[in-house]
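Structural description and commentary
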Amino acid sequence: MSDQPVLHVKGRVLVGPEDIHDELWVIDGRISYDRPTGGRDIRTVDGWTLPGLVDAHCHVGLGPHGPVDAATAETQALTDRDAGTLLLRDAGSPSDTRWIDDREDLPKIIRAGRHIARTRRYIRNFAHEIEPDELVAYVGQEAQRGDGWVKLVGDWIDRDLGDLSACWPREAVEAAIAEAHRLGARVTAHCFAEDALRDLVEAGIDCIEHATGLTEDLVPLFASRGVAIVPTLVNIATFPHLAADGESKYPSWSAHMLRLYERRYDTVRAAYDAGVPVYVGTDAGGSLAHGLVAAEVAELVTAGIPAVEALSATAWGARRWLGRPGLEEGASADFVVYEADPRADVRVLASPRRVVLNGLVVE
């Protein structure tokens, strides 16, 4: 038996949106709904409890100019943890962050390896930059480096064209996605614009990041194939600034980015209404700060997604999609306690009362 005190969580435990318990116990780092026996010390926490939040699109170990040192990566992970984000899907990083797995005080990470981009078609020092005939090999490599995901850069500015365009021919992505699936990995792709989406979805992709180019004619295709989107609206908010910076050199690209920005809420709401799975991701890392999950949930609500569904996109539904437990009996005690019901007002997420990770109160 461990000397670790038992944690008694009282109030309203949101096992699911409508599955509510009055209490849970944390015994040796695991969740239990049975009162413990014996004479161990008990610490009590009161409030509204959610499973540890999920950021389904972030980058740990990545800064504006590429890889960062371990101390910076640690700060990124701690910032997410203190915001209640205890499960991260790292959507591409050039850094080796496996050391984080040995730290019980840092969030759990599901990695997608390193970005795979077309030569000179992405941010310098972020990605493997390759040509289409190398795509299958690099996808196979990153499928084995990651934790069940691979990340492609599906479109980017073509400097000769002066606008966004698809990075890969259809036959290349078909073969690459098939290889990832053969190796047991799912595939996601960065896509801002419209023209790469149909080929990627029909090739069998599992998820699209940003998805600002999702149009009315493509929504039913996404819905019928079950392709998820992670809109990263807190990142899309930077589009006007990016467009202004690039307007003189790339006016078509600049105008395109502004159109994508202006319709962002309509795009997300149309996808949700059609049954496309929508999950919370911030695109933290690179140039965007970590710890923004609460702001992203609020953005989904602004786009017209009901509050409980926006919560699910960072809690129950997101964990189910990623194959990780929530507040089930015997699961690792990773949860966040709030002063009020986040289903009634998602702004509550910005102020956790307590953060519990691996059974330890860390914040």
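To be clear, the structure that these remarks concern was listed above.
Residues numbered from 1 in each chain as written. Predicted model: local features only at pLDDT ≥ 70, side-chain atom pairs only at ≥ 80, totals over all residues. Heavy atoms only, no water.

**Focus on the overall build of the protein chain**
Helix and strand content of the protein chain: 12 helices and 20 strands. The C-alpha radius of gyration computed for the protein chain amounts to 21 Å, which stays within 12% of the reference 21 Å derived for 363 residues, consistent with globular compactness. Overall, the C-alpha framework of the protein chain stretches about 70 × 40 × 35 Å when taken along its three principal axes. With 363 residues in all, the protein chain has 55% of them scored as buried. Sequence separation of 24 or more characterises 65% of the internal contacts of the protein chain that already satisfy a separation of 6 or more. Here the protein chain displays about 14600 Å² of accessible surface, and carbon together with sulfur accounts for 47% of that area. Averaging the coordinates of the 37 positive side-chain charges in the protein chain and doing the same for the 57 negative ones gives two points 1 Å apart. (Helix = DSSP H or I, 4+ residues; strand = E, 2+ residues; numbered from the N terminus. Rg over C-alpha atoms; globule rule 2.2 N^0.38 Å. Buried < 20%, exposed > 50% of the residue type's maximum accessible area, 1.4 Å probe, protein only. Contact = heavy atoms within 4.5 Å. Areas by Shrake-Rupley, 256 points an atom, 1.4 Å probe, with all protein chains shown as cover. Lys, Arg positive; Asp, Glu negative; His and termini not counted. Charge placed at Lys NZ, Arg CZ, Asp CG, Glu CD.)

**Describing the sheet that holds strand 1 (residues 6–14)**
Strand order in this open sheet of 7 strands is 3-2-1-4-18-19-20, and the pairing throughout is mixed. In the strand order of this sheet, the two ends are held by strand 3 (30–32) and strand 20 (360–361), each with one partner. Strand direction decides the pairing type here: strand 4 (residues 42–51) and strand 18 (residues 335–338), joined by 4 bridges, are antiparallel. Looking across to strand 18, one finds that Thr49 is bridged to Val337. (Pairing = 2+ DSSP bridges.)

**Details of the pattern of salt bridges**
With the rule as written, the count across this model stands at 24 salt bridges. Salt-bridge contacts for Arg145 lead to Glu142; the nearest nitrogen and oxygen are separated by 2.5 Å. With Arg145 and Glu142 both in helix 2 (residues 135–145) and 3 residues apart, this pair spans about one turn of that helix. Note on Arg145: relative accessible area 37%, which makes it partly exposed. A salt bridge links Arg198 to Glu202; the shortest N-O distance between them is 3.3 Å. In this pair, Arg198 and Glu202 are both assigned in helix 4 (residues 197–202), 4 residues apart and thus about one turn of the helix distant. (Salt bridge = Lys/Arg side-chain N within 4 Å of Asp/Glu carboxyl O.)

**Quick look at the nonpolar core**
Formed by 80 residues in total, the largest nonpolar core has its most connected members in Leu135, Ile205, Ile208, Phe222 and Leu300. If you tally residues by element for this core, the top one is helix 3 (residues 170–182), at 5 residues. Ignoring anything within four residues of it in the chain, the contact list for Leu135 reads Ile116, Ile130, Leu152, Trp168, Ala172, Val173 and Ala176. Val54, Leu87, Val230 and Trp321 belong to the second largest nonpolar core, which has 13 residues in total. (Core = buried A, V, L, I, M, F, W, Y, C linked by side-chain atoms within 4.5 Å.)

**Some points on the side chain of His256**
With respect to the helices and strands, the residue His256 is situated in helix 8 (residues 251–262). Ignoring sequence-local partners within four residues, the contact set of His256 consists of Asp163, Leu164, Ala193 and Glu194.

**Concerning the side chain of Ser312**
Mapped onto the fold, Ser312 is located in helix 11 (residues 307–312). Not counting residues up to four positions away in its chain, the partners in contact with Ser312 are Gly317 and Ala318.

**Brief notes about helix 9 (residues 264–273)**
Arg264, Thr267, Val268 and Ala271 are the residues of helix 9 that are buried. Buried residues in helix 9, looked at end-on, bunch into an arc of 95°, giving them a common side. In helix 9, the exposed positions angled more than 90 degrees off the buried face are occupied by Asp266 and Asp273. A positive backbone phi angle near 95° is found at Gly275, which sits one or two residues after helix 9. (Arc of directions from axis to C-beta.)

**Structural notes on the sheet that holds strand 8 (residues 85–90)**
Strand order in the open sheet made by the 3 strands is 5-8-9, with parallel pairing throughout. Either end of the sheet is taken by a strand with one partner, and the two such strands are strand 5 (53–58) and strand 9 (108–111). Each adjacent strand pair in this sheet contributes to an overall mean axis angle of 20°, direction not counted. Bridge analysis of strand 5 against strand 8 gives 4 bridges, and the strand direction is parallel. Each bridged residue has a counterpart across the sheet, and for Asp55 the counterpart in strand 8 is Leu88. (Axes fitted to C-alpha atoms, helices over the stretch in contact; angles between N-to-C directions.)

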